Amino acid sequence: MHAEVQGDLNLVNEPGPARPRHVLRSARPGGTRVTVGAIELGGPAFVVAAGPCAVETAAQLAEAAAAVAASGAHLLRGGLFKPRTSPYAFQGLGEPGLPLLERARARHGLALVTEVLDTEQLASLIDHVDMLQVGARNMQNFPLLRALGKVRRPVLLKRGLAATFHEWLQAAEYLLDGGNDQVVLCERGIRTFESATRNTLDLASVALAKARTHLPVLVDPSHATGARELVLPMALAAAAAGADGLLVEVHPRPEEALCDGAQALTPDLFAELMRRLGPVLAAVGRTMHASPAPPANVRAL
Ligand code: PEP
Ligand code: MN
């Protein structure tokens, strides 16, 4: 019994009842599809979530949303509550920024992904956004995971900065154990001895997560590298490695960004990334997900 489970996950080091049950591919060999608005993750098509690290101003978000929509992004990301290393750094607009995201969704038809930092914020976000992100610093916030296990909203679970593959899966296990199977894993780089890049992108874990679990997997080349020039090559590598999609930071003017400007793509670079993904996806037998249609009232304008 134990040997069989070890063979299944290969890297499971936790014997007995604490081992993962729900996330393993053997629990659902056909894979799980996660539906976010009109977009499906975990199917044959590749999905791109893009937008600024933080929602800063109405103009900034509107420009970012228009740019990523024009280039074919499927989901709009934008942090309202920012987990910052320094308490003096910009902490995000919080709830007052929500209407800016909702306006962008109404304008472009992009479903929304934003981070929820704690259980108290959940009530204010749950009915307004399409996917809730658990950030790397919160991957083992067990009360938050328990709460998100009980809601009917897809969750984007980022890998902790220093989390092993096994710990990442166990965090996902909390969500599925609570009854929420709409979970997407996100590899965003881990901390290693290497300091030339912000983090070290662990693409092997992406391939392993695809093989050993039934959950869709996104790659975040922005936080994984911390450097704009590395985002495009790592995004292409992620697509080649079998990721289901990307989470990419894009800012209309990265030099003015209040958060993570050095890793933000300009709209032009994001357009280039979207163009260059096509041939890589074709080479591995994938296609880009269809763009979401703008809402009918906007199409008529
Ligand atoms: C983010 O997506 O902006 C973010 C804070 O990411 P992470 O939790 O991976 O650091
Ligand atoms: Mn960021």
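Residues numbered from 1 in each chain as written. Chains lettered and ligands numbered in written order. Predicted model: local features only at pLDDT ≥ 70, side-chain atom pairs only at ≥ 80, totals over all residues. Heavy atoms only, no water.

A. Inspection of the coordination of the manganese ion (ligand 2) at higher detail. Binding of the manganese ion (ligand 2) to the protein goes through Cys-53 (SG), His-223 (NE2), Glu-249 (OE) and Asp-260 (OD), at separations of 2.0 to 2.4 Å. In terms of primary sequence, the donors binding the manganese ion (ligand 2) are separated according to C-x169-H-x25-E-x10-D. With Cys-53 in the loop between strand E3 (45-51) and helix H2 (58-70) and His-223 in helix H8 (residues 221-225), this pair connects stretches of sequence that are 170 residues apart. The burial state of Cys-53 is the same as that of His-223; both residues are buried. (Donors = N, O, S within 2.8 Å, 3.2 Å for Na, K, Ca; no water. Helix = DSSP H or I, 4+ residues; strand = E, 2+ residues; numbered from the N terminus. Buried < 20%, exposed > 50% of the residue type's maximum accessible area, 1.4 Å probe, protein only.)

B. Region of interest: the site of ligand 1. Near ligand 1 you find Cys-53, Arg-77, Lys-82, Glu-115, Gln-133, Gly-135, Ala-136, Arg-137, Lys-158, Arg-188, His-223 and Glu-249, and these make up its full shell. One nitrogen or oxygen atom from the side chain of His-223 is found 3.3 Å from an oxygen atom belonging to ligand 1. One nitrogen or oxygen atom from the side chain of Glu-249 is found 3.3 Å from an oxygen atom belonging to ligand 1. For ligand 1, whose unbound accessible area comes to 300 Å², protein coverage reaches 97%. If you map ligand 1 onto the pockets, it falls in the largest pocket. The residue inventory of the shell around ligand 1, partitioned by class, reads 2 nonpolar, 3 polar and 7 charged. (Near = heavy atom within 4 Å. Polar contact = N/O pair within 3.5 Å; in protein donor to acceptor, adjacent residues only side chain to side chain. Areas by Shrake-Rupley, 256 points an atom, 1.4 Å probe, with all protein chains shown as cover. 1 Å grid on protein atoms, 1.4 Å probe; cavity = no way out; pocket = protein on both sides within 12 Å on 5 of 7 lines; lining within 4 Å. Sits in = over half its atoms within 2 Å of the grid points. Nonpolar A, V, L, I, M, F, W, Y, C, P; charged D, E, K, R; others polar.)

C. Region of the structure containing empty space enclosed by the protein. Inspection of every chain in the model, using the stated rule, returns 2 cavities of 30 Å³ or more. Every residue along the wall of the largest cavity is listed here: Pro-52, Cys-53, Ala-54, Glu-56, Gln-60, Glu-249, His-251, Ala-257, Cys-259, Asp-260 and Ala-264. The residue makeup of the lining of the largest cavity, split by class, is 6 nonpolar, 2 polar and 3 charged. Space inside the second largest cavity adds up to approximately 30 Å³. If you trace the second largest cavity, you find it lined by Arg-77, Gly-78, Lys-82, Val-113, Thr-114, Glu-115 and Gln-133. (Points joined across faces, edges and corners; volume = space filled by probe spheres on them.)

D. Focus on the packing of helix H9 (residues 228-241) against helix H10 (residues 267-283). Close contact between H9 and H10 brings their axes to 9 Å; oriented N to C, the two are set at 25 degrees. Relative to H10, H9 is oriented roughly parallel. Relative to H10, the crossing made by H9 is right-handed. Contacts between H9 and H10 involve Arg-228, Leu-232, Ala-235, Leu-236, Ala-239 and Ala-240 from the former and Leu-269, Glu-272, Leu-273, Arg-276, Leu-277, Val-280 and Leu-281 from the latter. (Axes fitted to C-alpha atoms, helices over the stretch in contact; angles between N-to-C directions. Parallel < 35°, antiparallel > 145°, perpendicular 65-115°, else oblique. Left-handed = near helix turned anticlockwise from the far one by under 90°. Contact = heavy atoms within 4.5 Å.)

E. Just the pairing of strand E10 (residues 245-249), in detail. Along E10, 5 of the 5 residues are buried, which leaves the element largely enclosed by surrounding structure. Covered by surrounding structure in E10 are Gly-245, Leu-247 and Glu-249 together with Leu-246 and Val-248, the residues of both alternating faces. Pairing analysis gives 5 bridges linking E3 to E10, with the strands arranged parallel. Of the residues in E10, the one forming a bridge with Ala-49 is Leu-247. (Pairing = 2+ DSSP bridges.)

These figures come from the coordinates and say nothing about function on their own.
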